[in-house]
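Structure at a glance
The chain contents come next:
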Amino acid sequence: MLDAARELFLEHGFGGTSVSEVVRRSGGSLATLYELFGSKEGLFEAIIADVSEQIVAPFGTPEFESRPLDEALRLFGERFLALVLEPEALRWNRMCIAEGPKYPELRAALVRTGPGHVNDRLTAYLAAQTKAGRLRIEDSRVAALHFLSLIKSETHFAAVCGEPLEAQPAEIARQVAQAVDVFLRGYAVHGRPGAPSRSQP
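Residues numbered from 1 in each chain as written. Predicted model: local features only at pLDDT ≥ 70, side-chain atom pairs only at ≥ 80, totals over all residues. Heavy atoms only, no water.

With respect to the element layout, E171 can be found in helix α10 (residues 169-187). For the pair E171 and E78, spaced 93 residues apart in the sequence, the C-alpha separation amounts to 9.8 Å. (Helix = DSSP H or I, 4+ residues; strand = E, 2+ residues; numbered from the N terminus.)

Looking at where R67 falls in the secondary structure, it is placed in the loop between α4 (40-56) and α5 (69-84). By relative accessible area, which is 25% here, R67 ends up partly exposed. Setting aside residues up to four positions removed in sequence, R67 forms contacts with A72 and L75. (Buried < 20%, exposed > 50% of the residue type's maximum accessible area, 1.4 Å probe, protein only. Contact = heavy atoms within 4.5 Å.)

This paragraph deals with helix α9 (residues 140-160). Helix geometry: α9 is bent most strongly at S153, by close to 65°. Buried residues of α9: S140, A143, A144, F147, L148, I151, T155, H156, A159 and V160, and no others. You can read the cap of α9 off the contacts: a side-chain oxygen lies 3.0 Å from the backbone nitrogen of R141, and it is on D139. Within two residues after α9, G162 carries a phi angle of roughly 105°, on the positive side. (Bend = angle between axes of the 7 residues up to and from the residue. Polar contact = N/O pair within 3.5 Å; in protein donor to acceptor, adjacent residues only side chain to side chain.)

Within the structure shown, the criterion is met by eight salt bridges. Notably, a salt bridge pairs E171 with R174, separated by 2.4 Å at the nearest N-O pair. On the criterion of helical spacing, the pair formed by E171 and R174 is a turn pair, its members being three residues apart in helix α10. Residue classification places E171 among the partly exposed positions, given a relative accessible area of 36%. Given the relative accessible area of 39%, R174 is considered partly exposed. (Salt bridge = Lys/Arg side-chain N within 4 Å of Asp/Glu carboxyl O.)

The subject of this paragraph is the confidence of the model for the chain. In this model, the chain carries an average pLDDT of 83, and 89% of its residues clear a pLDDT of 70 or more. Here helix α11 (residues 194-198) is the element of the chain with the lowest mean pLDDT, 41, and α10 is the one with the highest, 94. (pLDDT = per-residue confidence, 0-100.)

Next up on the list: the packing of aromatic side chains. Evaluation of the coordinates by the stated rule reveals seven aromatic pairs. Pairing F9 with F44 gives two aromatic rings, centres 5.9 Å apart and planes at 85°, and the pair type is edge-to-face. With F9 in helix α1 (residues 2-12) and F44 in helix α4, this pair connects stretches of sequence that are 35 residues apart. By the burial criterion, F9 is buried, and F44 matches it. Between F147 and F183, the aromatic rings sit 5.1 Å apart at their centres with planes inclined by 70°, giving edge-to-face as the arrangement. Taken together, the residues span a long stretch of sequence, with F147 in helix α9 and F183 in helix α10 at a distance of 36 residues. In terms of burial, F147 and F183 fall into one category: buried. Clustering of aromatic rings is evident, with ring pairs tying together F76, F80, F147, F183 and Y187. (Phe/Tyr/Trp six-rings, centres within 6.5 Å; stacked < 30°, edge-to-face > 60°.)

Right under this line is the structure:
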């Protein structure tokens, strides 16, 4: 059902997709769909949750918290930028921008399970690094938004607008490294990128 819903949302948009069509394409039943997801909004939310979980996956690895700060931020940033520049992710972004004003429930589900989930996890990581003395941050949520904005820069906006871009790993790594450098110059305890990575809690 999730695969069918994913295809239909991208083909017809949120408003143009019905749960009946999802059931027809997936071969399931309306009773099962409502039992599992509750509504069309629930289907959308489950799909966005899966995408956001891929983005925050590096935070779940046991060794992530022990990585040097600059290395950890680069790892997260490269994964984040690569995923949001994927063709399907861009199609989802365009669909949400186009239909969000008409469907408040779509906007709410997107913020709650997409950007909201990613920002929550990054906020928690930055707060932990601040507590450990590596960063000087008054509001970790605001700092997380700053970091994500630096990572996306103008590249993501251009891609959403249809600019043909090839997300080559080397170019992603270069852009992320620059973003991490700027971020740490503003928030690192010693005001320079290399210093936090040598600090020990």
